[in-house]
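Reading the structure
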Amino acid sequence: MNIGLENETEYKQELEKLKIELEGFQNIFNSMSEPYVRIDQELRFSYVNDAACALLGTPAEKLCTMKITDFLDVIPLSNQEESSLRGKPKDGERQMIQLHTGDLKQIEFIPVGAATNDEQMYRLEDVTLEVSASREKNTSRQMFLDIFDTSIESIVLFDSSGIIMEVNHAFIQVLGIPKREIVGKNMLDFISPDYKKYWVQSLGKVFEVSTFKGEVEMIIRDEPYHFTFSISPTVANNLYMSVFRRLTESNLIEKRLETSERIFAELFDQSMDAIIFWNDDGIIFRVNHSACKIFESTRKEMIGSYIWKYVYSNNQHFEQMMETFERDTQVRGELLYKMPNDQIKLLELTAKKHEGDGYNVTIFRNVSERWLIEKELRDSEKKFRKIFEGTLDGLILWKHEGFKDINEAGQEILEISKDRLLSFTVKEFIEKIPGNAIDLNAHIENVYKHEVFSSIIPIKFEDGRVKHIEFLTRKNVYSGLNLSIFRDVSKNLEMQAQIRKSDTLNVVGELAAGIAHEIRNPMTALKGFIQLLEDGVEGDFSTYFHVITSEIKRIETIITEFLVLAKPQALKIVKQDVHTILRETLELLAAQALLENIQFDTYFEQAELPVLCEANQLKQVFINIVKNALEVMPDGGSVRIQTRRCSGQYVCISITDQGMGISSEKLKKLGEPFYTTKDRGTGLGLMVSYKIIEEHKGYIDVESVVDRGTSFHIYLPSEP
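Because the structure is a prediction, the values reported are computed rather than measured.

**Side note on the overall build of the protein chain**
The number of helices and strands found in the protein chain is 23 helices and 27 strands. Looking at the protein chain as shown, the accessible area adds up to about 44,600 Å², and 53% of this sits on carbon and sulfur atoms.

Structure (structure tokens):
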């Protein structure tokens, strides 16, 4: 009894499991995008999915009460067709069905799997659009074939290689050859050798213009015949269609005459030269537009008038030209003509007599305009020459092969004579000093690329001097001559740099005044309390107090330097010996130099070198620069200190180290606020030094070579 209950429970569980799986399969079946139906032996719908309901336009509940024949009995069918429809649809069979809305659809029944329990599963495919398109395509093809074969024009269909695929009856009649001897051959087999190249070129132009028209010669039974033709592509079949029309001899002659007349009329009326036809009596009967323009008259005014009425004076030169014309039947020369508006023009003419044809022709050209242009060009050249020679900027005319001209200002800027410059090619001049080659070649390359280019190039001279020259070059594509306008902007660049540095100093000075004022008072308090702590704290903290005290002193030094920048100093300028100040400075730094294994080498030009200065501030400058020199020489060496008088106006103090040197990019930034090459530097030392020397009416110049060392040249006004 218990065993029976257990079996029944397992059976129910298995049944419930199968039911769940069946529901899952039904859900999957319903969610499929393709329509599926299952038909039993009586042709009833036993199952349909959602896609089938949508295709048949009927809900599932209703479909399950219907037969497939409810949709198939659409139109009367033959007995054979009826018998097939009374059974199940055949594999892949297409049937016309009618929905309850009245719409007709062409459906293909595709069986899925084998029949089970006398029921068959079908996948339905709607091929209505496909059948309709196929029907329209067949209809269009038939219509094309009907027009193609009955057309009176000769039509040929051929593929991209020229193989003839089809011809119509008219083309067969024109060639007089059976169709079997035409189809399969190449179009070039019928084209005359002289036209084969033209035919191939015509095919190449078809896709550019859609339909190409032309004229071709074909060889038919060893005889040449001329045809006009048009070629167009038939995209659907990847074929070409060409329509031919035969030209008779009279057609050819008429066409050539029309072409010749059209060409003559176009050339005659569009010619830039004045052309006049006149008879043996000298009466004008045909003129072109240029003749009316030159003679300042209308066609109506000129036709019927006498050819020579415009001649300004019938002098001996005119009579000689007339004698030559009568004797040689042609003449060429120049005459003055007076226009109806009293304007005098010099015209060049060529006249020719055609006695047998009863007409003469004269061609005129207005050379007075040419002379006027030449005069304007000469005047323009004079103006250009005045500007060229008088401008303050340098000007050079050049082409790739060499230089053509340079003005005086250019010779002064480049420090080279005109004759010497013109003796060089551009390449020779550039390579004369290799250091200039990269920038100059880059400038020329950009000129050829952009036609107009501007750049500032540092030009190095043979003696080592450098000028910063701004070049603006314009490429002339017509004459081939390029124009370079250039000027020396070295002083401008220096002035701009000084202005920027001065502006920066002013800003930093204002900032320094505020910072120094706010920091100095708290620093004084801190210093006092540190001293009290040092005396009152037990234990050995001397190292810490020493560090704190030294750092506070360092902050005080920075504040002091800030104050130097913050406001102008009241200088007590007196006459001092610069050598004395230097010696005192070197004595102060001797101990540090000894520790660093560095020697001071002094080279003083004379015993005393007096300058007007404030000794303490000048000493501060020397200390800053010499200390910098000591700090950049960790492996020892020597610092050279040299003095000399320069041009009687300045005294130069040079301090040269043997450190790693400074790159040109970093060298430009020296003296800027907070810029330093040292790890723990503030950048204020050099800035203060620059400001002190500037207040002494002097300046500092720095030279440096990487891996060799740096030289600071301090220039101070000398005491007379």
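**With respect to the packing of helix H20 (residues 578-595) against helix H21 (residues 615-631)**
Axis separation between H20 and H21 bottoms out at 9 Å; the angle between their running directions is 40°. Looking at the two axes, H20 sits oblique to H21. Crossing of H20 over H21 shows right-handed handedness. Along the contact surface, H20 presents Val 578, Ile 581, Leu 582, Glu 584, Thr 585, Leu 588, Leu 589, Gln 592 and Ala 593, while H21 presents Ala 615, Leu 618, Lys 619, Phe 622, Ile 623, Val 626, Lys 627 and Leu 630. The residue makeup of the contact of H20 with H21, split by class, is 12 nonpolar, 2 polar and 3 charged.

**Focus: the nonpolar core**
In this structure, Leu 618, Phe 622, Val 639, Ile 653, Ile 655 and Ile 714 are the most contacted members of the largest nonpolar core, which totals 35 residues. Looking at this core, the elements that each hand over two or more residues are H20, strand E23 (610-613), H21, strand E24 (637-646), strand E25 (650-656), helix H23 (684-695), strand E26 (699-705) and strand E27 (709-717). Among the elements that make up this core, the one with the highest residue count is H21 (7 residues). Excluding anything up to four places from it in sequence, Leu 618 contacts Val 578, Ile 581, Cys 613, Ile 693 and Leu 716. Counting residues in each nonpolar core, the second largest holds 25 residues, with Ile 276, Ala 291, Met 321 and Leu 347 among its members.

**Re the sheet that holds strand E22 (residues 598-604)**
Within a sheet, neighbouring strands are paired by backbone hydrogen bonds and run either parallel or antiparallel to one another. One open sheet accounts for 5 strands, arranged E22-E24-E25-E27-E26; its pairing is mixed. The sheet is open, and its two edges are formed by E22 and E26, each paired on a single side. Across this sheet, the average inter-strand angle for adjacent strands is 15°, counted without regard to direction. By the bridge criterion, 7 bridges tie E24 to E25 in an arrangement that is antiparallel. Among the inter-strand pairings, Arg 644 is bridged to a residue of E25, identified as Cys 652.

**A look at the pattern of salt bridges**
For the coordinates displayed, the defined rule picks out 19 salt bridges. Between Glu 326 and Lys 353 there is a salt bridge, and its shortest N-O distance comes to 3.9 Å. Here Glu 326, found in helix H12 (residues 316-328), pairs with Lys 353, found in strand E14 (residues 344-354); they are 27 residues apart in sequence, far enough to count as distant. The shortest N-O distance in the salt bridge between Glu 695 and Lys 691 comes to 3.8 Å. One end of the pair, Glu 695, and the other, Lys 691, are both in helix H23, 4 residues apart, so they sit about a helical turn from each other. Given the relative accessible area of 18%, Lys 691 is considered buried. A single network of salt bridges, built from pairs that share partners, joins Glu 415, Asp 463, Arg 465 and Lys 467.

**Concerning the confidence of the model for the protein chain**
Per-residue confidence for the protein chain gives a mean pLDDT of 79, with 81% of residues at or over 70. Mean pLDDT in the protein chain bottoms out at helix H5 (residues 79-86), which sits at 39, and peaks at E25, which reaches 92. Across residues 74-87 the pLDDT falls below 50, and counting only partners more than four positions away or on other chains, this stretch makes 15 contacts in the model.

**Let's talk about a nonpolar patch on the surface**
A grouping of Phe 25, Ile 28 and Met 32 is seen on the molecular surface, where their side chains present a nonpolar patch of about 310 Å² in accessible area. Turning to its location among the elements, Ile 28 is positioned in helix H1 (residues 2-31).

**Points about the environment of Asn 492**
The residue Asn 492 is located in helix H18 (residues 490-536) in this model. Using a relative accessible area of 41% as the deciding quantity, one classes Asn 492 as partly exposed. Sequence-wise, Asn 492 and His 468 are 24 residues apart; in three dimensions their C-alpha atoms are separated by 9.4 Å.

**Some details on unusual backbone geometry**
Even without being glycine, Glu 451 reaches a positive phi, approximately 75°. Checked against the element boundaries, Glu 451 lands in the loop between helix H17 (437-450) and strand E18 (452-460). Residue Glu 451 is classed as partly exposed on the basis of its relative accessible area, which comes to 40%. In this structure, Lys 697 takes a positive phi of about 65° despite not being glycine.

**Observations regarding H20**
With 18 residues, H20 extends 26 Å from end C-alpha to end C-alpha; this agrees with the ideal 26 Å at 1.5 Å per step. Where H20 bends most, at Leu 589, the angle is about 50°. Regarding H20, the residues found buried are Val 578, His 579, Ile 581, Leu 582, Thr 585, Leu 586, Leu 589 and Ala 593. The opening residue of H20 is Asp 577, an N-cap whose side-chain oxygen sits 3.2 Å from the backbone nitrogen of His 579.

**Thoughts on the sheet that holds E18**
Taken together, the 5 strands give an open sheet; going across it, the order is E17-E16-E20-E19-E18, and neighbouring strands pair in antiparallel fashion. Edge strands, defined here as strands with exactly one partner in the open sheet, are strand E17 (402-406) and E18. On average, adjacent strands in this sheet sit at an angle of 30° to one another, irrespective of strand direction. The pairing of E18 with strand E19 (residues 466-474) spans 9 bridges and is antiparallel. The residue of E19 that forms the bridge with Val 452 is Arg 474. Here helix H13 (residues 367-390) sits on the sheet in contact with strand E16 (394-399) and E17, set at roughly 120° to E16. The sheet contacts of H17 involve E16, E18, E19 and strand E20 (482-488), and relative to E18 the element is tilted by about 175°.

The rules behind the values
Residues numbered from 1 in each chain as written. Predicted model: local features only at pLDDT ≥ 70, side-chain atom pairs only at ≥ 80, totals over all residues. Heavy atoms only, no water. Helix = DSSP H or I, 4+ residues; strand = E, 2+ residues; numbered from the N terminus. Areas by Shrake-Rupley, 256 points an atom, 1.4 Å probe, with all protein chains shown as cover. Axes fitted to C-alpha atoms, helices over the stretch in contact; angles between N-to-C directions. Parallel < 35°, antiparallel > 145°, perpendicular 65-115°, else oblique. Left-handed = near helix turned anticlockwise from the far one by under 90°. Contact = heavy atoms within 4.5 Å. Nonpolar A, V, L, I, M, F, W, Y, C, P; charged D, E, K, R; others polar. Core = buried A, V, L, I, M, F, W, Y, C linked by side-chain atoms within 4.5 Å. Buried < 20%, exposed > 50% of the residue type's maximum accessible area, 1.4 Å probe, protein only. Pairing = 2+ DSSP bridges. Salt bridge = Lys/Arg side-chain N within 4 Å of Asp/Glu carboxyl O. pLDDT = per-residue confidence, 0-100. Patch = residues over 30% accessible without salt bridge, like charges linked within 9 Å, V, L, I, M, F, W, Y side chains within 5 Å. Expected span 1.5 Å × (residues − 1). Bend = angle between axes of the 7 residues up to and from the residue. Polar contact = N/O pair within 3.5 Å; in protein donor to acceptor, adjacent residues only side chain to side chain.

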